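# Structure assessment
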Amino acid sequence: MDLSNSSSPARAGLRIDGARLWQRLMAMARIGATPRGGVCRLALTDLDRQGRELFMQWARELGCTLRTDAIGNLFARRAGSDDSLPAVATGSHLDTQPTGGKFDGNYGVLAGLEVLATLAGAGVRTRAPLEVCVWTNEEGSRFVPVMMGSGVYAGAFSLEHALAAQDAQGTTVRQALAAIGQAGGPPSGVADGAPRFGAYFEAHIEQGPVLEDAGITIGAVTGALGQRWYDVTVTGMEAHAGPTPMALRRDALLPATVLMQRVNAIALAEQPHGRGTVGSVTVHPNSRNVIPGRVKFTVDFRHGDEAGLARMEAALHAAVAGLAAPGIDIQVEQVVHFPPQPFDAELVALVRHAAAQVGLPHLDVVSGAGHDAVYVARTAPAAMIFIPCKDGISHNEIEDALPEHITAGADVLLQAMLARAGVAEGAAV
Ligand SMILES: [Zn+2]
């Protein structure tokens, strides 16, 4: 890895305009603003169209060329001095949860634009072209699967599968793209000819409490945890709560609650990165004086490596086997599997180096959540930059981040992208 370019004093001194970035974040947050200070801008709605148009307007003002692919991903490109080089890209998403915040996704997109604006203002031309990506439907709250645009791009699932997905009203992604004027672009997937990046950096709020707790501004994200999700169904027999003696019951809730406790214990045995969550429980018939006949609940296991996930799964099955009893049936069905995704060691080192250049302490962290970068990493070297968010709260209208952290993360993004893309010979800095 060549870090020598990035130690050029003039280049290392280049800083983004934090006030401009903040003002753009707030302007974007007005599109779909909620009364409680959050944002509701669901994927491929008219509000999403408005957000995309604002992004495109800003990108055009910077002299970027724009393209939209067949799943509606947007790419704003700033030419390099050698446009035959693969682009050094960044980005994130503009869609939000129904009760989302101002920063999840929007920060990564607008920090990328701010990098381009800073370079334009300073008259710096990079060797490799730069691109800012807006990935379609990262949140997955209107259409499933989540991380749809980057997933199609990386070939995690097909374009046809994504276009056929329906929202709760029966509107397909294909129809929604047409309704906002973003249908019919060129191939979305790298396997089908979409260009591969030379590198991809994504800046994002942490969405967790680790950086804030440590009092550190920059997280150099070394990778994303793998995830395995399960639906567990425990079946017994519903019966009257009064006339049925304790010894003659087939109460489905009893083994279910034991299993829920085990999920927590299984994760505690896999520290520091093991996570185990039961987030949804339904009890049938859910009546005060009826013994529960069926309990369904979800299990979400996360871990930094696949062997750890396999141990957690084996422990869950062992717990189920240990609860075998006459008249009780327990089924465990795996419904989601995301393998762990390490990020590119060279790019992670560039993020650490960029933080040091900007004079900021950094911490190696892992991403417990999915991000577009996790899919893009299947196609190109990728890394992420985390900044703290207040109280670690995200996917919530009270999601908040400090302006100085917003600025710091974008400065690190700028230096990391410059180091990777290189500065054209003779370019003014
Ligand atoms: Zn996000």
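Our structure's up above, just so we're on the same page.
Computed from a prediction, not measured in an experiment: that's the story for all the values here. (Residues numbered from 1 in each chain as written. Predicted model: local features only at pLDDT ≥ 70, side-chain atom pairs only at ≥ 80, totals over all residues.)

### Quick look at the nonpolar core
- With 100 residues, the main nonpolar core has Phe201, Val351, Val412, Leu413 and Met417 as its most contacted residues.
- Broken down by element, this core gets its largest block of residues, eleven residues, from helix α13 (residues 403–421).
- Beyond its immediate stretch of four places on either side in the chain, Leu413 contacts Thr90, Ala111, Val115, Phe201, Ala203 and Ile385.
- Val234, Val295, Phe297 and Phe301 belong to the second-largest nonpolar core, a separate cluster that totals 17 residues. (Core = buried A, V, L, I, M, F, W, Y, C linked by C-beta atoms within 7 Å. Buried ≥ 20, exposed ≤ 12 C-beta atoms within 10 Å, placed from the backbone. Helix = DSSP H or I, 4+ residues; strand = E, 2+ residues; numbered from the N terminus. Contact = placed C-beta atoms within 7 Å.)

### Quick word on the environment of Gly189
- Relative to the elements of secondary structure, Gly189 occurs in the loop between α7 (173–179) and β5 (199–205).
- Sequence separation between Gly189 and Ala33 is 156 residues, and the spatial gap between their C-alpha atoms is 32 Å.
- Excluding anything up to four places from it in sequence, Gly189 contacts Val152, Tyr153, Gly155, Leu159 and Ala194.

### Some remarks on helix α9 (residues 253–268)
- Taking 1.5 Å of rise per residue, 16 residues should cover 22 Å, and α9 covers 23 Å from first to last C-alpha, within 8% of that figure.
- For α9, the elements touching its buried residues are β7 (226–235), β9 (275–277), β12 (294–303), α10 (306–322) and β13 (329–338). (Expected span 1.5 Å × (residues − 1).)

### What about unusual backbone geometry?
- Note the cis peptide between Val144 and Pro145, where omega equals 10 degrees.
- In this structure, Pro145 sits in the loop between β4 (130–134) and α5 (148–154).
- Residues Gln271 and Pro272 are joined by a peptide bond in cis, for which omega reads 15 degrees.
- Locating Pro272 in the fold gives a position in the loop between α9 and β9.
- Even without glycine at this site, Leu44 takes up a positive phi of about 60 degrees.
- Looking at the element boundaries, Leu44 is found in the loop between α2 (18–29) and α3 (46–61).
- Residue Leu44 is classed as buried on the basis of its C-beta count, with 26 C-beta atoms lying within 10 Å.
- One non-glycine residue, Asn137, lies in the positive phi region at around 45 degrees.
- Relative to the assigned elements, Asn137 resides in the loop between β4 and α5.
- Here Asn137 falls in the buried class, since 30 other C-beta atoms lie within 10 Å of it.

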